[in-house]
Protein chains: 2
Amino acid sequence: METIIIGTGSSRFGMFVDTPARTLAAEAVAEALKDAGLEGKDVGLVLVGNAVGGVVTGQEMIRSQTILSQSLLVGRPMAAVENACASSSSAFYLAHLAIQSGMHDVVVVVGAEKMTSTDRTLATKALAAATDVSLRQEAAGDGGKPRPVFMEIYAANARNYMARSGATAEDFADVVAKNTRNGSLNPIAQVKVPLSREDVLNAREIVAPLTRPMCAGIGDGAAAIVLCSSGFARAKGKKGPKVRTSLLASAEIEDNHEIVSRTAAKAFEAAGISPEDVSLVELHDAAAPAEIMVPEELLLVAQGDGPSLIRSGASRIDGRLPINPSGGLTARGHPVGATGAAQIVELANQLRGRCGPRQVANPRIGLAENAGGSIFNGAAACMITLLEA
Amino acid sequence: METIIIGTGSSRFGMFVDTPARTLAAEAVAEALKDAGLEGKDVGLVLVGNAVGGVVTGQEMIRSQTILSQSLLVGRPMAAVENACASSSSAFYLAHLAIQSGMHDVVVVVGAEKMTSTDRTLATKALAAATDVSLRQEAAGDGGKPRPVFMEIYAANARNYMARSGATAEDFADVVAKNTRNGSLNPIAQVKVPLSREDVLNAREIVAPLTRPMCAGIGDGAAAIVLCSSGFARAKGKKGPKVRTSLLASAEIEDNHEIVSRTAAKAFEAAGISPEDVSLVELHDAAAPAEIMVPEELLLVAQGDGPSLIRSGASRIDGRLPINPSGGLTARGHPVGATGAAQIVELANQLRGRCGPRQVANPRIGLAENAGGSIFNGAAACMITLLEA
């Protein structure tokens, strides 16, 4: 029995200070159910990925019920799933298990996040909550004051990578130029204005080599996915991409940044798919250098060959291995708890040939990767999903 | 294929201001894995129930990784599950689905909560986060100031119930007397000193008819459960209670407090078990009147017969239908995200005859119920699980 994606939906992604998460989630859910041709009552279980609702809005405990309180899914059995940047992809993973259990025909995953508010410090505080807060509070000197810890981590990783691979700030800027171009073709993207290499290099520096457009900004958004069993799909005459594998991993103490590579190796093995079979990728470019570094960890290019993807044009929509046709985190946006679901929505839409001006030609296998949070000496959580048209 | 519980563990429950959740969780996990005769590496997936970590400690995003950071489960695939008072029972539900998927042999559920801190207002704020925070902030007059909203709700429900059933404050006090007696027999209980009816009635009033000992206090604690497939259990020579059914439900807009009764009816039907078959119950007495009211909703006694359970002695450990032999929420304690798992730990231990002085005689079927959060006009979430020895 296989798990099939038969519906997707997404709100706009952006900074909507006056729009609550529930409004965005209701939009995404309505679109996904309509796409699937189902009603709320057909859904056996709903898993809601949300990462920072408690810190930003004070809403905890019943995040799934409040986020879905104006949606077509009110009253369906639901729970919230939290796993840093992999919150809604972890929800997708659990939804896949729920379908495979044979105990549910239809499960919906919703990723929703509200990061903007009139108090801008809340988003910084929320992002810092993806590190071990107790250690931060113990650390002498900073008094627990939130800092952009993740951009510091990403910048340090990028500098190390530049030293060993020859990647340049121009490469990272070219990634943003490509992704903002992709974003300009994506109606839901947060950043819709294409930037040039020079625009990116001349922008305000956050932490060298990262300039502002290389860093995913804070934002709001929601995405929804309807999954069903292949038996249900057959019986109801519904079609869609199938889940070839979906794998969750968590930080080991001596991980040395290997969480993505070890998870990718397991995912390809579990799916019986070779990295060369991958048609397109949505990956976690919380900062632009990830688009050059992570394909190596995903075994999609050889060690040190990351920069060739952007230099050769391979990662463009019309290239050999399109990466982040949605615009990725830097252009589509990164409302943390929604990101994992948004990646899978883009893959499913690409695999169904629905992406209009940003459509990849005849994709067969899509790979979604996200990794986030920080604990011990690497990412806290990683999710990799392989879908087949 | 069935889901079997082969290991349980629990920290002490109580107010441990200086002890972080990770210490309590590590204790519970070590005990559960030892009980199951397994090591961390044998575990395919870990789901961590936590309800209020973001509000109380500022830790969100990576709650599972931080809570388990000193445990034997570091590095196992994990995610956090949040669903108000049903957080770790919802995690149990998803763990059951994960076993039934055939994709995992062994899954561990951990419920852990740290509610005490040097700032006592945080626990009140956290509990209030189980209501729709945006509506509360909009409500005129209270300026969003946290109040003990749940005890107000429980007291109003109790007054309505008293009016229609003849239940009295003495009945509620007798429930606490019974449960503190049970707690005195439970090494992990938060309240270990048996109270008399008079002690309870003469204590400080919170909201009439509730006095302080009738209300579950804030507290800290962790509980862990090792689940496996019946195939794995057979192959490894392990035994334990089996999951007959585990059901999750969420608030409907016109629920009129019927979430427990509709979920109970479905659970008995799904399990093919009659309410008369139930040997013992762990139910959600966040306030003591629940022990009299909820058995009616669970179809265990006829409408209006709730008070007979305590008056006849039926709900005592040596009675016809023992309820909350652990001491329940009012005596064992109610660290919110740990409660659902703690109930299942008690049932599994009772069904294995391991409860010493509080052991129920020869139980065959155990029922765990918890319901919590508040949205629309009833509880936001409800979980009911039926286990068989």
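Up top you'll find the structure we're talking about.
The paragraphs below set out a description of the structure included in this document. (Residues numbered from 1 in each chain as written. Chains lettered and ligands numbered in written order. Predicted model: local features only at pLDDT ≥ 70, side-chain atom pairs only at ≥ 80, totals over all residues. Heavy atoms only, no water.)

1. Points about the overall build of chain A
When you go through chain A residue by residue, the secondary structure sums to 15 helices and eleven strands. Over its C-alpha trace chain A gives a radius of gyration of 19 Å, about what one expects of a compact globule, namely 21 Å for 389 residues. When its C-alpha atoms are laid out on the principal axes, chain A stretches across 55 × 45 × 40 Å. The buried share of chain A, taken over its 389 residues, is 67%. Within chain A, counting contacts between residues at least 6 apart in sequence, those at least 24 apart form 75% of the total. (Helix = DSSP H or I, 4+ residues; strand = E, 2+ residues; numbered from the N terminus. Rg over C-alpha atoms; globule rule 2.2 N^0.38 Å. Buried < 20%, exposed > 50% of the residue type's maximum accessible area, 1.4 Å probe, protein only. Contact = heavy atoms within 4.5 Å.)

2. Examining the pattern of salt bridges
Tallied over the entire structure, the rule returns 36 salt bridges over all chains. Of the charged contacts in the structure, one is a salt bridge between Glu291(A) and Lys178(A), with a shortest N-O distance of 3.1 Å. You can see Glu291(A) sitting in helix H12 (residues 290-297) and its partner Lys178(A) sitting in helix H8 (residues 169-184), a full 113 residues away along the chain. Like Lys178(A), Glu291(A) is buried. Look at the salt bridges and you will find they share partners, linking Glu60(A), Arg63(A), Glu82(A), Glu60(B), Arg63(B) and Glu82(B) into a network. (Salt bridge = Lys/Arg side-chain N within 4 Å of Asp/Glu carboxyl O.)

3. Points about the state of the cysteines
All names here are of chain A. Tallied over the full model, the rule gives zero disulfides over all chains. The thiol sulfur of Cys-85 is not disulfide-bonded, and the nearest other cysteine sulfur, from Cys-382, lies at 11 Å. A relative accessible area of 6% means that Cys-85 is categorised as buried. (Disulfide = S-S within 2.5 Å.)

4. Examining the packing of helix H4 (residues 87-100) of chain A against helix H15 (residues 336-351) of chain A
Between two packed helices, both the angle of their axes relative to each other and the distance between the axes serve to describe the pair. All names here are of chain A. For the pair H4 and H15, interaxial distance at closest approach is 5 Å and the crossing angle is 60°. Looking at the two axes, H4 sits oblique to H15. Contacts from Ser-87, Ser-88, Ser-89 and Phe-92 in H4 reach Gly-337, Ala-338, Thr-339, Gly-340, Ala-341 and Ile-344 in H15. For the contact of H4 with H15, the per-class residue count stands at four nonpolar, six polar and no charged. (Axes fitted to C-alpha atoms, helices over the stretch in contact; angles between N-to-C directions. Parallel < 35°, antiparallel > 145°, perpendicular 65-115°, else oblique. Nonpolar A, V, L, I, M, F, W, Y, C, P; charged D, E, K, R; others polar.)

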